[in-house]
Amino acid sequence: MRDSLCYLQHMRNAMAARGVTEDLPDIWYDIPAFYFAGPASVVGPYEDVTIAPGSTWFDFELEIAAVIGGTGRDLAPHQAQELIAGYTLYCDWSARDLQALDRGLGIGQAKGKDAGTTLGPFLVTPDELPDHAFDSPFDIEVRASVNGVLVGSGTTGKMDWTYGEVLSYASRGIPLEPGDVIATGTIPTCTLIEHFNALEPDAPTFPGWLAPGDVVELTAAGIGTTRQRVVAGVDPWPLAPRPRA
C-alpha cells in the first residue's frame, strides 16, 4: 500500500493551516510524493474507526485509490496505467498531533498514519468511470461530511500527477503486484486540516477534530459511499526519553 500526493493544492492548504508558507519546494514538482501505508490498518467501509492512542487531533482524508491487477516493473506511464484493475474510495485516517511529532524526525510518516485506512465500498473497473484515459484522468464529484454536515467537496480530475505517472514512479526498481493499492492523496478541502488555522484554532469556521461518536461519510460519484463511526482509543504506554549524548 502506498499513499501518494497527486493534488498539490492539498499540501498548500495544509501548510497554510499550520501557518507556514504555501510555496512548495521544487522537489514537489519534480517527483510524485508517496509513503508506505500499513495493510494491517485496513478497515471496512462501514466499520468503526478507533482514534490513534494519545491523539486529540484526529482527522480523515478523502482519496481515490487504484488497485493493481497485473505485474510490472520499470514501467512507462501508459504501461503502468494498463495494470489498474479498478478504483475504490480510500480514507487515510490521520492523527495530526502525532504526525507533527513524526515530522520532527524528518524521515517520513509513522504513527500519525497508523490508526486506520478505509477501502471500499466497491472496486469499480476503469471502463465504468467517465473519460478514463491515460492523459485524461476521470473527473467525478466527491463529498465529505461529519455528522451530516458538509466539510469539503470537489472533483477528482485536477491532478498534478496522473495515475500513470505515479505508478510508473512507484515501479522503478520494484515490481507492482496484483492487489497493490496506490492512493492519490487528499482531494483538496476533503479533510479537516485544510479548514484549521493554527493562528486561530478556535475559529468558528473550523468544525473541530474528530471525537468519539462522530460519523464520517465520504462519497465519490460512481464509486460509492463509506460511513464510519469514530470510537475512543486507548492511552499509549509511555516511553522514557533517551539521555542526551
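The structure this text deals with has already been given above.
Quick summary incoming for the structure in this document. (Residues numbered from 1 in each chain as written. Predicted model: local features only at pLDDT ≥ 70, side-chain atom pairs only at ≥ 80, totals over all residues. Heavy atoms only, no water.)

Re the overall build of the chain
No. 1: If you tally the helices and strands in the chain, you get five helices and 13 strands.
No. 2: For 245 residues, the compact-globule formula gives about 18 Å, and the C-alpha radius of gyration of the chain, at 18 Å, lands near that figure.
No. 3: With the C-alpha coordinates of the chain rotated into their principal frame, the extents come out at 50 × 45 × 35 Å.
No. 4: Contacts in the chain between residues at least 24 apart in sequence constitute 74% of all its contacts with a sequence separation of at least 6.
No. 5: Split by element, the accessible area of the chain, about 12200 Å² in all, is 55% carbon and sulfur.
No. 6: Side-chain charges of the chain comprise 15 positive and 32 negative groups, with the mean position of each set lying 7 Å from the other. (Helix = DSSP H or I, 4+ residues; strand = E, 2+ residues; numbered from the N terminus. Rg over C-alpha atoms; globule rule 2.2 N^0.38 Å. Contact = heavy atoms within 4.5 Å. Areas by Shrake-Rupley, 256 points an atom, 1.4 Å probe, with all protein chains shown as cover. Lys, Arg positive; Asp, Glu negative; His and termini not counted. Charge placed at Lys NZ, Arg CZ, Asp CG, Glu CD.)

With respect to the packing of aromatic side chains
No. 1: Overall, the coordinates contain eleven aromatic pairs when judged by the stated rule.
No. 2: On the basis of an interplanar angle of 85 degrees and a centroid distance of 5.4 Å, the ring pair of Phe 34 and Phe 36 is categorised as edge-to-face.
No. 3: Judged by relative accessible area, which is 58%, Phe 36 ranks as exposed.
No. 4: The structure contains a cluster of three or more aromatic residues connected by ring pairs, namely Trp 57, Phe 196, Phe 206 and Trp 209. (Phe/Tyr/Trp six-rings, centres within 6.5 Å; stacked < 30°, edge-to-face > 60°. Buried < 20%, exposed > 50% of the residue type's maximum accessible area, 1.4 Å probe, protein only.)

Here we look at the layout of surface pockets
No. 1: Taken as a whole, the largest pocket spans an internal volume of roughly 860 Å³.
No. 2: Residue assignment for the lining of the largest pocket shows that the elements contributing at least two residues are strand S1 (2–4), helix H1 (8–17), helix H2 (27–30), strand S2 (34–36) and helix H4 (96–105).
No. 3: Looking at which element gives the most residues to the lining of the largest pocket, the answer is H4, with six residues.
No. 4: Grouping the amino acids of the lining of the largest pocket by side-chain chemistry returns 18 nonpolar, eight polar and ten charged.
No. 5: Taken as a whole, the second largest pocket holds about 170 Å³ of empty space.
No. 6: Residue lining of the second largest pocket: 13 residues in total, with Val 146, Val 151, Leu 192, Pro 207 and Gly 208 positioned closest to the centre.
No. 7: With three residues, the top contributor of residues to the lining of the second largest pocket is strand S10 (residues 149–155). (1 Å grid on protein atoms, 1.4 Å probe; cavity = no way out; pocket = protein on both sides within 12 Å on 5 of 7 lines; lining within 4 Å. Points joined across faces, edges and corners; volume = space filled by probe spheres on them. Nonpolar A, V, L, I, M, F, W, Y, C, P; charged D, E, K, R; others polar.)

Remarks on the sheet that holds S10
No. 1: Taken in spatial order, the five strands of this open sheet run S4-S13-S12-S9-S10, and their pairing is mixed. Each of the sheet's edge strands pairs with one partner strand only, and the pair in question is strand S4 (49–50) and S10.
No. 2: Pairing between strand S12 (residues 215–220) and strand S13 (residues 224–231): six bridges, direction antiparallel. Bridge pairing links Glu 217 to Arg 227 in S13. (Pairing = 2+ DSSP bridges.)

A look at the nonpolar core
No. 1: Ranked by size, the top nonpolar core spans 52 residues in total, and within it Phe 58, Phe 60, Ile 64, Tyr 87, Trp 93, Leu 210 and Ile 223 carry the most contacts.
No. 2: If you look at the next biggest cluster of nonpolar residues, it comprises eight residues, including Tyr 35, Ala 65, Val 67 and Ala 183. (Core = buried A, V, L, I, M, F, W, Y, C linked by side-chain atoms within 4.5 Å.)

Comments concerning H1
No. 1: Summarising burial for H1: eight of the ten residues are buried, a large majority.
No. 2: Turning to H1, its buried residues are Leu 8, His 10, Met 11, Arg 12, Asn 13, Ala 14, Met 15 and Ala 17.
No. 3: Lining the buried residues of H1 we find H2.
No. 4: In the segment just after H1, Gly 19 is the residue with positive phi, at about 80 degrees.

Comments concerning the pairing of strand S8 (residues 116–124)
Consecutive side chains along a regular strand alternate between the two faces of the sheet.
No. 1: Pairing of strand S3 (residues 42–43) with S8, which is carried by two bridges, proceeds in the parallel orientation. Paired with Val 43 across the two strands is Thr 118, which belongs to S8.
No. 2: As paired strands, strand S7 (residues 84–95) and S8 are joined by six bridges and run antiparallel to one another. When the sheet's bridge partners are listed, Leu 89 is paired in S8 with Gly 120.

A short note on the pattern of salt bridges
Pairing is possible between side chains of opposite charge, provided their charged atoms come close.
No. 1: This model, assessed by the stated rule, comprises eight salt bridges.
No. 2: A salt bridge links Asp 59 to Arg 96; its shortest N-O distance comes to 2.9 Å. Taken together, the residues Asp 59 in strand S5 (residues 58–59) and Arg 96 in helix H4 connect sequence positions 37 residues apart. Residues Asp 59 and Arg 96 agree in their burial class; the two are buried. (Salt bridge = Lys/Arg side-chain N within 4 Å of Asp/Glu carboxyl O.)

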